[in-house]
Amino acid sequence: MREEGTIGELVNKVLRLSDPRYWLARKVEVRGRKITVEGKSYETSRTLLIAVGKASVPMAEYFLNKVPLVRAIVVTPVFVSLQGAEVIVAEHPVPGEGSLRAGEVVVEALKNEDYDLVLFLLSGGSSSLLELTDMSLEELRTLNEKLVKSGLSINEINAVRKHLSKIKGGQLAKLSKSRVITIAVSDVPGNDPSTIGSGPTVPDPTTVEDAKEALKRVGLEGYEKYLRETPKEIDNSDFFLLLDAMTVLKEGFSDWLVLTSEARGEAKSLGLFLASIANSSPSTGLSKVALAGEPEVRVEGKAGKGGRNGEVCLGYYLGRRVKDFALLALASDGLDGNSEYAGCYVDGELYLDKGEALSALELHDSYGLLERYGRAIRTGFTFTNVNNFYFLFRHSR
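The structure presented is a predicted model; accordingly, all values stated were derived computationally and were not measured.

1. Quick word on the sheet that holds strand β5 (residues 69–76)
No. 1: Here six strands make up an open sheet; going across it, the order is β6-β5-β4-β7-β8-β9 and the pairing parallel. Sheet topology places β6 (86–89) and β9 (237–243) at the edges, where each strand pairs with a single neighbour. Put simply, the sheet's adjacent strands are angled 15 degrees from each other on average, direction ignored.
No. 2: Where strand β4 (residues 47–52) meets strand β7 (residues 117–122), six bridges bridge the pair, whose relative direction is parallel.

2. A few points about a nonpolar patch on the surface
No. 1: A contiguous nonpolar surface patch, about 250 Å² in accessible area, is contributed by L257, L259 and F273.
No. 2: Residue placement: F273 occurs in helix α11 (residues 267–279).

3. Digging into empty space enclosed by the protein
No. 1: Within this structure, the stated rule accounts for two cavities of 30 Å³ or more.
No. 2: If you trace the largest cavity, you find it lined by S186, D187, V188, P189, G190, N191, D244, A245, S261, V386 and N387.
No. 3: Considering only enclosed or pocket space, the second largest cavity measures out at about 40 Å³ in volume.
No. 4: L122, S126, S127, L130, I167, K168, G197 and P200 are the residues that line the second largest cavity.

4. A few points about the pattern of salt bridges
No. 1: Summed over all chains, the structure comprises 27 salt bridges.
No. 2: Among the salt bridges present, the one from R21 reaches E61, with a minimum N-O distance of 3.0 Å. Of this pair, R21 sits in helix α2 (residues 20–27) while E61 sits in helix α3 (residues 56–64); the two residues are 40 residues apart in sequence, bridging distant segments of the chain.
No. 3: Taking relative accessible area as the criterion, E61 reaches 34% and is therefore assigned partly exposed.
No. 4: Taking the shortest distance from any N to any O, the salt bridge between R71 and E108 comes out at 2.9 Å. Placement of the pair is R71 in strand β5 and E108 in helix α4 (residues 97–112), with a sequence separation of 37 residues.
No. 5: Judged by relative accessible area, R71 falls into the buried class, the value being 18%.
No. 6: Several salt bridges share partner residues, and in doing so they unite R71, E86, R101, E108 and E113 into one network.

Rules of the game
Position numbers for residues count from 1 along each chain, tracking the sequence in the order it is written. With pLDDT at 70 or above as the cut-off, local features in this predicted model cover only qualifying residues; side-chain atom pairs require 80 or more to be listed or tallied, and sums for whole chains, interfaces and linings still use all residues. Derived side-chain values reflect all non-hydrogen atoms in the structure, with water molecules and hydrogen atoms excluded from consideration. Should DSSP find at least two bridges between two strands, the strands are taken to pair. By the criteria applied, helices consist of DSSP H or I runs no shorter than four residues and strands consist of E runs no shorter than two, each listed in order from the N terminus. Throughout, an axis means a line fitted to C-alpha atoms (over the contacting stretch in the case of helices), and angles, computed between N-to-C directions, take values from 0 to 180 degrees. Candidates for patches are residues over 30% relative accessible area with no salt bridge; among them, like charges are joined within 9 Å and nonpolar side chains (Val, Leu, Ile, Met, Phe, Trp, Tyr) within 5 Å. Areas reported as accessible are Shrake-Rupley estimates using a 1.4 Å probe. Residue values count occlusion only from the protein chains shown. Salt bridge criterion: a side-chain nitrogen from Lys or Arg within 4 Å of a carboxyl oxygen from Asp or Glu. Points on a 1 Å grid, built from protein atoms alone, make a cavity when a 1.4 Å probe fits but cannot get out and make a pocket when they are open with protein on both sides within 12 Å along at least 5 of 7 lines; residues with an atom within 4 Å of a point are the lining residues. Grid points are joined across faces, edges and corners, and a volume is the space filled by probe spheres set on the points. Three labels apply to residues, based on accessible area from a 1.4 Å probe with only protein chains included: buried if under 20% of the type maximum, exposed if over 50%, partly exposed otherwise in between.

These results come straight from atomic positions and should not be treated as a statement about function.
Set out below in structure tokens:
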């Protein structure tokens, strides 16, 4: 088997099926002034299009020449020129000046434009890319850093973020003068609409009291003055999930054993778990296993060039006993951790010094090691994000 060819074919297949345009063409119909999504139709002659997230550019492209627009606003982490759209570059993963400007522009459009429908195209990264708050940018960045290091759960952190914002947690929909259609690409395990992009167009199940309690537990009560309640009921908004990791797995890998699209836990531990599947294959007969999710890496102190997928691969390498399997770990947005790589792979021909591998894990420098052996994969930014994919398969050496 040509290892690199197979790895390349898998990467290309995942990215093709993660492209929102592929699914928009299948799930959304636009005819004249009628937009139909999953059998539900909307008449419009003056559409306000707002696209936010890592997939905002291709999602907006699909509609720009199809619907009657009064205005199109596209918020993206990477600049692309789009004819007929106002493109705003904003920051990710920490909000910046572009994020606040995007928030101001979107709110101004919702308040002042003459529209009869809001087409809101949402994808991963939106929580950082689109923001508006009473806090200064310096305060917002400082609090974000403190929250990430506080030990609070991601759900608790999100509850705080929603109640500090003027957009998150359903507040964007409340600003609209018309019905809002949200079409979303999910990078969130479980696909909770209130979590994808911090749910700007759907009701928020968390409360100000939840946010206060979280801040109090970690000694950050000083930020309570900025909290505001979010909507618990919204009657002008419809939410449609266009694409997630399981959609990709079911469409393209029906002949694989698909374990889950919600893999969590420590990245190294996930690698060890995948190694245990390979090691047991002589008894189980398994030859192709696929899964997706968002394993975690906890960094304390300085880190090298690394990411969750790099640590999954090193964990797998350290745990494997058989060499007739290969593991591919891939971030669908093309960016793993603080590296320039999308992911990596481990095959039977790879030999690493165990001490080097353990050191790379300890220093969170997985790609510093894997790139030296030609096992790091570079795709560039992909303009989509449906989370991370892991493919474990038998190969002949």
